[in-house]
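Coordinates in review
So the chains spell out like this:
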Protein chains: 2
Amino acid sequence: MSTRVTSPAGSQALLSPNVVRSTVLPVIQQKVSLLDPPTLARICRYHLGFIDEHGDPSTEGVGKLTRAGLMTAVADGVGLLPEDVRSPAAAVELLHNATLVHDDIADTDELRRGRPAAWKVFGVSLAIHAGNALQALGLRIVVDDSGPGHNEIASSFAKAVALVHAGQARELTIRPGPGAGMATYEQMVTEKASALLEFSLGAPAIRAGKPENVLAALRDAARHLGIALQISNDVEDIWGDPAVTGKPIRGDIKRRNLTFPVLAALSADSPAGDRLSRLWQADGTTPAHLQALADLIDEAGGRHAAERLSGRHLDSAVQALGRAGLTPTATAELTTLFDRIVNRAA
Amino acid sequence: MSTRVTSPAGSQALLSPNVVRSTVLPVIQQKVSLLDPPTLARICRYHLGFIDEHGDPSTEGVGKLTRAGLMTAVADGVGLLPEDVRSPAAAVELLHNATLVHDDIADTDELRRGRPAAWKVFGVSLAIHAGNALQALGLRIVVDDSGPGHNEIASSFAKAVALVHAGQARELTIRPGPGAGMATYEQMVTEKASALLEFSLGAPAIRAGKPENVLAALRDAARHLGIALQISNDVEDIWGDPAVTGKPIRGDIKRRNLTFPVLAALSADSPAGDRLSRLWQADGTTPAHLQALADLIDEAGGRHAAERLSGRHLDSAVQALGRAGLTPTATAELTTLFDRIVNRAA
């Protein structure tokens, strides 16, 4: 009964989600519940899924704490205990959630994890301050952490904060055009998606005093994982199941965001690509319009290109992970985590 | 020609604004101009007054860099050079401006320093990200600073960030009522206004390795200065000159913000206070309505109470400053700065 089942990547039983629930989640819950004024605590607890709109306890809408999971798995792989990375793990989740609160306002996204976004429930003003409060809380936790490598970890955190915000702004500046849009897209992704993953994979290695070649391999893994994840999210927005994503379908197309499948389809020299180009400029946002756009993106090869590239980056992430020389158990755990993050197999 | 004129507080020639212009401002200008994507640099440079709406160089709208001025003056008073506090001084100005960008969105304030607020020019989405970018830049500068006391300074910065955001949120939760509103107001002010001043006065003393009694005196000075400043701003909103404040008059009353003069007037047991209480509930926002409210606030003693309390806190700030044992020159400079900050005598 207690034998651990070894199985192919993607189906292995994961340890890190339980570790996160017992080690990192209580810190987040406690710190956030102490936020003052209580209104701020309430908004943040709502966004994090600890309470519902009426303030009653809830578990619906709690995120997967992916980044904390990655961090505890790497910690295990470099000989640390989960407790050793509890502070940076809590901090990265708080920062990630801060960006979600602000992003939902900036994108006027009304749903988050299947529930009304924080700004829809509490208003834009308080939601802006709540996002800032989550970020400030993460910052305090990292800055006041005094474990090994704390200066380097804090510096790495500050860099990630700056990159994430740069990526969020850059996303609004993507314009189509031969090559140009794709280059901006790639840079946006490495900022918006990869930066926090880089912190998540890197912080335990810094704490354990690992040499530069290990850090470089983990940075590389994080970069590829971020690109794979973002492209996979882009595909999910168009062809995914809203019950899984927790968001209305085709919000990106509705807002005419130039996500990867769209950029790939627009750059295709084909009749479908040309028709897409014309229809993309038009105002239509009815389900029929969005369906027509989705079909043209698919027909012009945007979906296929996206799925192939996401898969390639996932492979590259796993290869880079292999070069980091973590323990075999941790490498297996992380390989499964990588796969589930990108393919939402969980 | 080179003799320094010694004169009573309030009229003394100030050195710190020039020091800030030559030492801190270039760092801010350089760091902000390097923000990437360029859109982010442009919004931040616009907000800081370095360029106008069209991207042309400008000096109109550059803030007074009050907090950097305080910091360099304290640095001088503890035997440090302006260069020794250049990083924390730049960081506190960036953080302060980040809060202004977000506050203008949260309060739908359309004017800042006599020019359209950033969100009016660039839209809410980009302005949210720009505020975050300014805050992240400040954070990076503080975290990557390696001068003496850098850990304690970074921790103090992180605490200030958290308090400022708490204060901004608390401001939206103030409700009238006997005593209750005033207590919330005071707590809000010590968070929103005093926290950054505490960092500004405290960081140089930390860097110079000053003992706890010096830090405590400076904390006390900052707390009183923040309260005096905020109450003075409250009075300016109602009876000030928009050409000086750079904001439309009576925005606080229009939004029915419970600022100090209003809270004081509402708690007055007088016919004017009762009439104010009724009129405050009504929707009127025409200039005539706002004038009537302003007159009732004045008649119920709100203005007098505010001016007296602001003056008392300014006196307490100067007294606390005296206990910090800085050099006489720096103490005189700071006394003048305190007065100008509160009374906008500059």
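Residues numbered from 1 in each chain as written. Chains lettered and ligands numbered in written order. Predicted model: local features only at pLDDT ≥ 70, side-chain atom pairs only at ≥ 80, totals over all residues. Heavy atoms only, no water.

Some details on the side chain of Gln168 of chain A
Along the chain, Gln168 of chain A falls in helix α8 (residues 150–171). Overall, Gln168 of chain A belongs to the buried group, its relative accessible area being 2%. When near neighbours in sequence (up to four residues on either side) are disregarded, Gln168 of chain A contacts Thr99, Asp103 and Lys192 of chain A together with His129 of chain B. (Helix = DSSP H or I, 4+ residues; strand = E, 2+ residues; numbered from the N terminus. Buried < 20%, exposed > 50% of the residue type's maximum accessible area, 1.4 Å probe, protein only. Contact = heavy atoms within 4.5 Å.)

A closer look at the environment of Asp103 of chain A
By secondary structure assignment, the location of Asp103 of chain A is in helix α5 (residues 86–106). A relative accessible area of 9% means that Asp103 of chain A is categorised as buried. Residues Asp103 of chain A and Ala300 of chain A lie 197 residues apart in sequence; the distance between their C-alpha atoms is 29 Å. Discounting chain neighbours no more than four positions away, the residues touching Asp103 of chain A are Gln168 and Lys192 of chain A together with His129 of chain B.

Things to note about the confidence of the model for chain A
Confidence along chain A averages 92 in pLDDT terms, with 95% of residues attaining 70 or more. ipTM for the predicted complex: 0.90, alongside a pTM of 0.92. (pLDDT = per-residue confidence, 0-100.)

A short note on the nonpolar core
If you look at the biggest cluster of nonpolar residues, it comprises 178 residues, and the most contacted ones within it are Leu334 and Phe338 of chain A together with Leu334 and Phe338 of chain B. Setting aside its immediate chain neighbours within four residues, Leu334 of chain A contacts Leu70, Ala73, Val74, Leu201, Leu321 and Leu326 of chain A. The next biggest cluster of nonpolar side chains, apart from the first, holds 31 residues, and it includes Ile174, Tyr185, Leu266 and Ile297 of chain B. (Core = buried A, V, L, I, M, F, W, Y, C linked by side-chain atoms within 4.5 Å.)

Here we look at the interface of chain A and chain B
If you look at the interface, chain A gives 37 residues, while chain B gives 37 residues. Of the roughly 3,200 Å² buried between chain A and chain B on both sides combined, carbon and sulfur atoms contribute 67%. Among the residues chain A hides against chain B, the three largest losses belong to His129, Leu139 and Arg140 of chain A. Together they make up 17% of the total. Asp36 of chain A is paired through a salt bridge with Arg170 of chain B; the nearest N and O atoms lie 2.4 Å apart. Looking at the side of chain A that touches chain B, the elements that each hand over two or more residues are α3 (38–47), α5, α7 (124–144), α8 and α9 (180–207) of chain A. The dominant element in the side of chain A that touches chain B, judged by the number of residues it contributes, is α8 of chain A, at 13 residues. The class makeup of the residues in the side of chain A that touches chain B is 17 nonpolar, 13 polar and seven charged. (Buried area = accessible area lost by both parts, 1.4 Å probe. Salt bridge = Lys/Arg side-chain N within 4 Å of Asp/Glu carboxyl O. Nonpolar A, V, L, I, M, F, W, Y, C, P; charged D, E, K, R; others polar.)

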